[in-house]
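Overview (structure and organization)
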Amino acid sequence: RSEATSEPDSDHRGGPAEKPSPLLSPSVDPEQMSELGHELDHLETIPTMSLEDFLTPAFLGRGDGGTSVSTSAPPSELGDAPYAPDDDLEFAEEVDPRVAGALDEMNEAMMSVNDAETALVDAKRRRRAHKAEGSRKIEETRKKLSSSVRAAVPFFHAQAVAHMYQVRSIECLRAYEKAHDMHAAAKESAAQLEAEMASSASPGKKITGNEGGTFDTDLMIALSDALSKVVETEIMKKRAEGAHGRMTKLATTAVNESMALRKKVAKSVEKAQPYFAVKSSVEAKAEALNEEVTEVEKRVKDMKRRYHAAMDELAKISEEVHARRLRENEEREAEAAAAKAAEEVSESRSNAGVEKEETPDDLSGDDGGAEDAEEDAIDSPEPEPEPE
C-alpha cells in the first residue's frame, strides 16, 4: 500500500506513528530532470559518420592530452606559505603535536603524487607506442588487401552506421525509462499533495467551486510545482519515445542497406575481413589505453588534492599557534601593566603614610621651643637698676 492509503502503524510506545507530510517527502529531483533534458537534447540529434571518418582509425589525430600535474603546491587559501616564520616566539615551547601528523601526511601525499605521475608517463608512453604500431599494422593490411578493401568499404561503412544508430536507439530507450519513472514519481507526489490539501480544508464544508475551506499556501505552492513536474516529465517521455522511434527506423534502414551491399560484394567482404578485424582490434586497445590514462590522471589529481589538504592543515595549525602566541603575549603585557599600576598605587600610598607620620613631630617640636624660651625667661635674673 502507498503512504497515501496505508493505515498509520504503531510505534514501539503503542501510539500511532506520525505520517510523513507530502511536503517533506522526496519528489522528482530538479537536477535529475535538468540532466535528463540535456541528455535528450543530445539524443535527439541524429549522428552521422562519413566514409572518411569510418576509414580513419578512431585513435588517430588524438593527442596525449591529459592534465599535467605538478608536485609543487600552489599558494594555499590560508596563506602564501604552509606555515608562518617563528618571529613571535618569546619563550621556548614544544612543537604542536599536530604538526608531525600533518607533515607525515604531506610527505606521503607527495610520494603518492610522484608514483602516480610516473605511472601516468608510462601509460602515455604505452598509448603512443600502440598508436604507432597499430597504424603500421592497419596500413600493412590495407596494402595487402587494397582492392578487396576498396570494394568492401561501402558494406562495412553501412554496417558501422547501423551499429551507431542501434546504440543511439538503446540510449533513447534508457532515457525513456528514466522519464517514465520520473513521471510516475511526479504523479504520485501530486496525488499525495491533493489528498493532503483536501484533508486540510475546514471540516464539515464541501469544497465546490470557490466555496469551502481555506487551503494551506505552502500546500498549494507544492502542488503547483508537482503538477508542473508531471507535465514536464510527460513531455520528456514523449521526446524520448520519439527519438527512440527515429533511431530505430534509421538503424533498420542502415541494416537493410548493409545486407543488400553484402550480397553484391560478398567475395570482397570475405577477403577484406582481416583488415577490418585488425582495425577494430587496434581501436579497441587504443580506447582501453585512453581509459587507463584517464584513470591515472584522476589518481594524480586526487593525490594532489591530498597534498594540498595537508599543506592547508599545516597552514591552519601555524595560524592557530601564532594566534595563541599573540593572545598570550597580550595577556602577559596586560598582567605586567596591571602589576606595574598596582606597584605605583602601593608606592603612592606608602609615601602618603610617611608624610602623615612626620607632620605631628614637627608641630610638637615647635611647642617645646616656646616652652624653653619661657623657662629661660623665668630663670634669667631681672636686671638691677642702675644707680642714679
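Look up: the structure comes first, before these words.
What comes next concerns the included structure. Just so it is clear, the model here is predicted, and its values are computed rather than measured.

Basis of the calculations
- Residues numbered from 1 in each chain as written.
- Predicted model: local features only at pLDDT ≥ 70, side-chain atom pairs only at ≥ 80, totals over all residues.
- Heavy atoms only, no water.
- Axes fitted to C-alpha atoms, helices over the stretch in contact; angles between N-to-C directions.
- Helix = DSSP H or I, 4+ residues; strand = E, 2+ residues; numbered from the N terminus.
- Parallel < 35°, antiparallel > 145°, perpendicular 65-115°, else oblique.
- Left-handed = near helix turned anticlockwise from the far one by under 90°.
- Nonpolar A, V, L, I, M, F, W, Y, C, P; charged D, E, K, R; others polar.
- Expected span 1.5 Å × (residues − 1).
- Bend = angle between axes of the 7 residues up to and from the residue.
- Core = buried A, V, L, I, M, F, W, Y, C linked by side-chain atoms within 4.5 Å.
- Buried < 20%, exposed > 50% of the residue type's maximum accessible area, 1.4 Å probe, protein only.
- Contact = heavy atoms within 4.5 Å.

**Side note on the packing of helix α4 (residues 146-200) against helix α5 (residues 217-264)**
Taken N-terminus to C-terminus, the directions of α4 and α5 make an angle of 165°; their axes are 6 Å apart at the nearest point. When the interaxial angle is binned, α4 and α5 end up roughly antiparallel. As for the relative orientation of α4 and α5, their crossing is left-handed in sense. Counted by class, the contact of α4 with α5 contains 32 nonpolar, 11 polar and 10 charged residues.

**Some thoughts on α4**
Here α4 spans 79 Å end to end across 55 residues, near enough to the 81 Å set by a 1.5 Å rise per residue. Of all the bends in α4, the greatest reaches close to 45° and is centred on A152; the proline P154 follows between one and four positions later.

**Some words on the nonpolar core**
Grouped together as the largest cluster of nonpolar side chains are 27 residues, with contacts concentrated most on L36, L40, Y165, A175 and M236. Those elements giving two or more residues to this core turn out to be α1 (30-43), α4 and α5. With 12 residues, the single largest contributor to this core is α4. Setting aside anything within four residues of it in sequence, one finds A175 in contact with L36, E39, L40, L43 and A240. Membership of the second largest hydrophobic core comes to 13 residues, among which are A152, A160, Y275 and F276.

**With respect to the packing of α1 against α5**
The N-to-C vectors of α1 and α5 enclose an angle of 25°; their axes lie 10 Å apart at closest approach. By the angle class used here, α1 and α5 are roughly parallel. As for the relative orientation of α1 and α5, their crossing is left-handed in sense. Along its contact with α1, which presents P30, M33, L36, G37, L40, D41 and L43, the element α5 presents K229, E232, T233, M236, R239, A240, A243 and M247. Across the contact of α1 with α5, the residue classes break down as nine nonpolar, two polar and four charged.

Geometric descriptors of this kind do not, in isolation, establish any biological role.
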